[in-house]
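One letter stands for each residue in the lines below.
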Number of protein chains: 2
Amino acid sequence: MLKNTFSYRYKKAITMKTVTEMTGLSERQVRYWEEKKLVFPERTSSGIRRYSFSDIELLMNIAEKRRLSLN
Amino acid sequence: MLKNTFSYRYKKAITMKTVTEMTGLSERQVRYWEEKKLVFPERTSSGIRRYSFSDIELLMNIAEKRRLSLN
DNA sequence: CGTGTAAGGAATTCTGACACG
DNA sequence: CGTGTAAGGAATTCTGACACG
């Protein structure tokens, strides 16, 4: 059961559109932060990025910290 | 923490391609079982289906039962 | 540096239908 | 009944580049 719990959180299964909707970030931002080695999506065989819920939380944390540093 | 655990499992965030890869089912099968009221994905504003990990487990359970009944 | 955007192509998704059995 | 498939269109995703500041 615990094992499954973790797999839900870390399983890379979510595509870009859903990520931008859940985080409020733009595609550009999400890809840029990947370029900066802040997030590491997997890729499907055709090159589509797939993120985990954990990745999404990470992105939201980064965004929040950035907001705080700007104010 | 527990609340988050459940949200990972039930959050509708996964699109068709990933579902077919995780379940081994065809798109046709997944859509047909929806037609039969066995699974209930959400839809994005543009009409794209989104499934949860729970949905995927359900689909795998259905597939497994079907396999057993055929043997 | 961090992000928006237009460009062009490729992969994904959708529906309704026909086929087979 | 349950599933495959071809059709056509729409939405998504990708990369590399230019722009701005």
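In the nomenclature of an unreviewed UniProt entry, chain A is known as MerR family transcriptional regulator of Ectobacillus funiculus.

A. Summary view of the protein's contact with DNA strand D. Close to DNA strand D lie 16 residues; A:Lys17, A:Arg49, B:Ser26, B:Tyr32 and B:Ser46 are nearest. A share of 74% is what sugar and phosphate atoms reach among the atoms of DNA strand D within 4 Å of the protein. Between A:Thr15 and DNA strand D, the recorded distance is 3.3 Å, taken from a side-chain N or O atom to a phosphate oxygen. Residue A:Arg49 places a side-chain N or O atom 2.3 Å away from a phosphate oxygen belonging to DNA strand D. A total of 4 residues in the surface near DNA strand D trace back to one element, the largest contributor, which is helix α3 (residues 27-35) of chain B. Tallied by class, the residues present in the surface near DNA strand D amount to 4 nonpolar, 5 polar and 7 charged.

B. Region of interest: the interface of chain A and chain B. Across the contact, 13 residues belong to chain A and 13 residues belong to chain B. One can count 2 salt bridges joining chain A with chain B. The interface formed by chain A and chain B contains 8 residue pairs in polar contact (both at pLDDT 80 or more). Sorting the residues of the side of chain A that touches chain B by element identifies α1 (2-10), α2 (16-23) and α4 (53-70) of chain A as the ones contributing at least two each. The residue inventory of the side of chain A that touches chain B, partitioned by class, reads 5 nonpolar, 3 polar and 5 charged.

C. Up close: the packing of helix α2 (residues 16-23) of chain B against α3(B). Residue and element names in this part refer to chain B. It is the contact of α2 with α3, at a shortest axis distance of 9 Å, that shows an interaxial angle of 105 degrees. On the basis of their axis angle, the class for α2 and α3 is roughly perpendicular. Along its contact with α2, which presents Met16, Val19 and Thr20, the element α3 presents Glu27, Val30 and Arg31. Per-class residue counts for the contact of α2 with α3 are 3 nonpolar, 1 polar and 2 charged.

D. Broad picture of the nonpolar core. If you look at the biggest cluster of nonpolar residues, it comprises 30 residues, and the most contacted ones within it are A:Val19, A:Val30, A:Leu59, B:Val19, B:Val30, B:Phe53 and B:Leu59. Taken together, the elements giving at least two residues each to this core come down to α2, α3 (27-35) and α4 of chain A together with α2, α3 and α4 (53-70) of chain B. If sequence neighbours within four positions are ignored, A:Val30 has contacts with A:Met16, A:Val19, A:Leu25, A:Val39, A:Tyr51 and A:Leu59.

E. A look at the relation of the copies chain A and chain B. Between chain A and chain B, the superposition needs a rotation of 180 degrees and an axial shift of 0.0 Å, giving an RMSD of 0.0 Å. Both chain copies can therefore be described as sitting about a two-fold axis.

F. Molecular detail of the packing of aromatic side chains. The final tally for this structure, using the stated rule, is 3 aromatic pairs over all chains. What links up through ring pairs into an aromatic cluster is the set A:Tyr8, A:Phe53, B:Tyr8 and B:Phe53.

The rules behind each value
Residues numbered from 1 in each chain as written. Chains lettered and ligands numbered in written order. Predicted model: local features only at pLDDT ≥ 70, side-chain atom pairs only at ≥ 80, totals over all residues. Heavy atoms only, no water. Near = heavy atom within 4 Å. Polar contact = N/O pair within 3.5 Å; in protein donor to acceptor, adjacent residues only side chain to side chain. Helix = DSSP H or I, 4+ residues; strand = E, 2+ residues; numbered from the N terminus. Nonpolar A, V, L, I, M, F, W, Y, C, P; charged D, E, K, R; others polar. Contact = heavy atoms within 4.5 Å. Salt bridge = Lys/Arg side-chain N within 4 Å of Asp/Glu carboxyl O. Axes fitted to C-alpha atoms, helices over the stretch in contact; angles between N-to-C directions. Parallel < 35°, antiparallel > 145°, perpendicular 65-115°, else oblique. Core = buried A, V, L, I, M, F, W, Y, C linked by side-chain atoms within 4.5 Å. Buried < 20%, exposed > 50% of the residue type's maximum accessible area, 1.4 Å probe, protein only. Least-squares fit on C-alpha atoms with pLDDT ≥ 70 in both. Phe/Tyr/Trp six-rings, centres within 6.5 Å; stacked < 30°, edge-to-face > 60°.

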